[in-house]
Amino acid sequence: MAATVKYADVQPGAELEARSYPVTRLDLVKYCGASGDFNVIHWNERIAKSVGLPDVIAHGMFTMSQAGRYASEWAGDPGAVVEFGVRFSSPVVVPDDDKGATIEVSGTVEEKLDGNKVVLALVARSDGTKVLTRARAVVVLP
Amino acid sequence: MALNRDYIGRSFPPSEPYEVSRVKIAEFANAIGDPSPLCRDREAAQAAGYPDVIAPPTFAIVITMASSSHAVLDEDLGLDYSMVVHGEQRFEYARPLHAGDVVVAQSTITDIRNAGRNVMLTTRTDIKTTGGEHVCTALSALVERGGAA
C-alpha cells in the first residue's frame, strides 16, 4: 500500500484536477502489441471505414486504461484501485496526423465507504464527446 | 444469425496457466502511459509492500481476453465478431496482479439479451492463481451491432 492520498484528507464532492492524455496511431500500435488485441479497426483506416466507422478508433480498453491511470496517479499507487468499471459510450477517433486525439479525464470524489475506500466518479471526453460513462473506481487509501 | 441462447450460463474450460512477468507489466504500462515506478521498479514495489512489480488495474484484460475469446469465438454461439464492439467492462480485485503470479482464467457467458437492434453478450471471467487464490473477477459486455435486427 503506497497510496499517497490519506483517507482522512478526502472530502466527498471534491473535484480532482483534470488531465489530458494524447493518443496517436503509434500509441494504438503499441497497445495492440501489449494487449494482444490486433482488431484491424484499431490500425487500418481502410477497414475501419468499410465497417462504418469515421476512421481508426482507439481500443475501448486503451481509453479505460487512461481513466485507470488517472485514478492510479491520483492515489499514488496502481494497486490501490480495487474496483473499476466503465461503459464505453462513444469511440475515440484517432486521425492519421502528428497530433492524433486527446482523452480528457476528470473526476470527483463521489463517496467515502467503510474500509478506507473512496469511490471516484470519472468522466472521459474526446473531441467534446463523452467516451466513458458510468465510470467508477473504488480506491483503497491508507 | 441470432445468437444461440443455449450458451447462457455456459462455462468454458480454464485457460492454460499464464505467468505474469515484469517485462509484460512494463510493456503494458508503457503502452497505456502509466508512469508508476511500482509497475517497473521491483525495489519500489517491495518498499510499497508488494512482492514484486504490480500490474496496472486494466492489465487483467490481457489474461481475460485469452480466456473469453474461446467463448466468443465458439462457432455454435454464432457471434459475428466483425460487428462486435466493447460495451462495458468491470474489474474487481482481491489484490493487484504482480510479477511471478501464475494464474488461470475461467470464463462463463452470464447473459445474452437484445438491446434495440443490437445483442448484448455478458461474460464473467474469474482469475485465480494455480494455487486457487482468487485475484480478480472481470465482467465484460460485448455488443453485436445489428445482431437483433
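Up top is the structure these notes are about.
Calculation rules
- Residues numbered from 1 in each chain as written.
- Chains lettered and ligands numbered in written order.
- Predicted model: local features only at pLDDT ≥ 70, side-chain atom pairs only at ≥ 80, totals over all residues.
- Heavy atoms only, no water.
- Phe/Tyr/Trp six-rings, centres within 6.5 Å; stacked < 30°, edge-to-face > 60°.
- Helix = DSSP H or I, 4+ residues; strand = E, 2+ residues; numbered from the N terminus.
- Buried < 20%, exposed > 50% of the residue type's maximum accessible area, 1.4 Å probe, protein only.
- Patch = residues over 30% accessible without salt bridge, like charges linked within 9 Å, V, L, I, M, F, W, Y side chains within 5 Å.
- Areas by Shrake-Rupley, 256 points an atom, 1.4 Å probe, with all protein chains shown as cover.
- Salt bridge = Lys/Arg side-chain N within 4 Å of Asp/Glu carboxyl O.
- Pairing = 2+ DSSP bridges.
- Core = buried A, V, L, I, M, F, W, Y, C linked by side-chain atoms within 4.5 Å.
- Contact = heavy atoms within 4.5 Å.
- Polar contact = N/O pair within 3.5 Å; in protein donor to acceptor, adjacent residues only side chain to side chain.
- Axes fitted to C-alpha atoms, helices over the stretch in contact; angles between N-to-C directions.
- Parallel < 35°, antiparallel > 145°, perpendicular 65-115°, else oblique.
- Left-handed = near helix turned anticlockwise from the far one by under 90°.

**Student:** Help me understand the packing of aromatic side chains in this model?
**Tutor:** The full count for this structure, using the stated rule, is five aromatic pairs over all chains. On the basis of an interplanar angle of 80° and a centroid distance of 5.9 Å, the ring pair of Tyr 31 of chain A and Phe 62 of chain A is categorised as edge-to-face. Here Tyr 31 of chain A, found in helix α1 (residues 25-35), pairs with Phe 62 of chain A, found in helix α3 (residues 60-75); they are 31 residues apart in sequence, far enough to count as distant. Take Tyr 31 of chain A: its relative accessible area is 1%, and that puts it in the buried class. The buried category is assigned to Phe 62 of chain A, whose relative accessible area is 2%. Counting every residue linked through ring pairs, the aromatic cluster contains Tyr 31 and Phe 62 of chain A together with Phe 28 and Phe 59 of chain B.

**Student:** Is there a simple way to think about a nonpolar patch on the surface in this case?
**Tutor:** All names here are of chain A. Residues Leu 26, Val 29, Phe 38 and Trp 43 make up a contiguous nonpolar surface patch of roughly 430 Å² in combined accessible area. Relative to the helices and strands, Leu 26 resides in helix α1. In this structure Leu 26 comes out as exposed when scored by relative accessible area, which is 52%.

**Student:** Would you mind showing me how to read the pairing of strand β3 (residues 101-113) of chain A here?
**Tutor:** As a general feature of sheets, a regular strand has side chains that alternate between the two faces. Residue and element names in this part refer to chain A. Judged from the seven bridges that link them, strand β1 (residues 15-23) and β3 form a sheet pairing that is antiparallel. Bridging across to β3, Tyr 21 finds its partner in Ile 103. As judged from the nine bridges shared by β3 and strand β4 (residues 117-126), these two strands associate in the antiparallel manner. Across the sheet, the residue bridging to Val 109 is Leu 120, located in β4. Between β3 and β4, which pair antiparallel and follow one another directly, the connecting turn spans three residues, one of which, Gly 115, has a positive phi of 75°.

**Student:** Got a minute to help me understand the pattern of salt bridges in this structure?
**Tutor:** It is possible for side chains bearing opposite charge to pair when their charged atoms get close. Under the definition given, this model contains 16 salt bridges over all chains. Ionic pairing is found between Glu 45 of chain A and Arg 25 of chain A, a salt bridge with its closest N-O pair at 3.1 Å. Placement of the pair is Glu 45 of chain A in helix α2 (residues 45-50) and Arg 25 of chain A in helix α1, with a sequence separation of 20 residues. Among the residues examined, Arg 25 of chain A registers a relative accessible area of 16% and is labelled buried. Between Arg 42 of chain B and Asp 52 of chain B there is a salt bridge, with its nearest N and O atoms 3.7 Å apart. One end of the pair, Arg 42 of chain B, is in helix α2 (residues 42-47); the other, Asp 52 of chain B, is in the loop between α2 and α3 (60-72), with ten residues separating them in the sequence. Among the residues examined, Arg 42 of chain B registers a relative accessible area of 41% and is labelled partly exposed. According to the relative accessible area criterion, Asp 52 of chain B is buried, its value standing at 8%. One network of salt bridges, with partners in common, ties together Arg 25, Glu 45, Lys 49 and Asp 55 of chain A.

**Student:** What's the story with the nonpolar core in this structure? I'm lost.
**Tutor:** Soluble, globular proteins show a tendency: their nonpolar side chains are buried together. One finds Leu 122 and Leu 141 of chain A together with Phe 59, Phe 91 and Leu 97 of chain B to be the most contacted residues of the largest nonpolar core, which totals 69 residues. If we skip the residues at most four places from it in the chain, Phe 91 of chain B touches Met 61, Met 64, Val 82, Glu 83 and Phe 84 of chain A together with Pro 57, Thr 58, Ala 60, Ile 61, Cys 136, Thr 137 and Ala 138 of chain B.

**Student:** Please explain the environment of Glu 83 of chain A as it appears in this structure.
**Tutor:** One can find Glu 83 of chain A in strand β2 (residues 81-88). Linking Glu 83 of chain A and Val 138 of chain A, residues 55 residues apart in sequence, is a C-alpha distance of 4.9 Å. Those residues in contact with Glu 83 of chain A, other than ones at most four positions away along the chain, are Arg 136, Ala 137 and Val 138 of chain A together with Arg 90, Phe 91 and Glu 92 of chain B. At 2.6 Å, the side chain of Glu 83 of chain A forms a polar contact with the side chain of Arg 90 of chain B.

**Student:** I tried to follow the sheet that holds strand β2 (residues 84-93) of chain B on my own but got confused; where do I start?
**Tutor:** Two orientations exist for strands paired in a sheet by backbone hydrogen bonds: parallel and antiparallel. Taken together, the ten strands give an open sheet; going across it, the order is β1(A)-β3(A)-β4(A)-β5(A)-β2(A)-β2(B)-β5(B)-β4(B)-β3(B)-β1(B), and neighbouring strands pair in antiparallel fashion. Edge strands, defined here as strands with exactly one partner in the open sheet, are β1 of chain A together with β1 (18-19) of chain B. Each of β1, β2, β3, β4 and β5 (129-140) of chain A together with β2 of chain B touches α3 of chain A; the most contacted strand, β1 of chain A, lies at about 140° to it.

**Student:** Is there a simple way to think about unusual backbone geometry in this case?
**Tutor:** Note on backbone geometry: most residues besides glycine have negative phi, and most peptide bonds are trans. Residues and elements named next belong to chain A. Its identity is not glycine, yet Asn 116 carries a phi of approximately 60°, on the positive side. Tracing the sequence through the fold places Asn 116 in the loop between β3 and β4. The backbone of Arg 134 shows a phi angle near 50°, a positive value even though the residue is not glycine. On the secondary structure map, Arg 134 appears in strand β5. With a relative accessible area of 58%, Arg 134 lands in the exposed category.

**Student:** Even after reading the chapter, I still don't get the packing of α1 of chain A against helix α1 (residues 22-32) of chain B, so can you show me in this structure?
**Tutor:** Orientation of α1 of chain A relative to α1 of chain B, taken along the N-to-C sense of each, is 155°, at an axis distance of 8 Å. As summarised for this structure, α1 of chain A and α1 of chain B are arranged roughly antiparallel, according to the angle between their axes. For the pair α1 of chain A and α1 of chain B, the sense of crossing is left-handed. In this structure, α1 of chain A contributes Asp 27, Lys 30, Tyr 31, Gly 33, Ala 34 and Ser 35 of chain A to the contact, and α1 of chain B contributes Lys 24, Glu 27, Phe 28, Ala 31 and Ile 32 of chain B.

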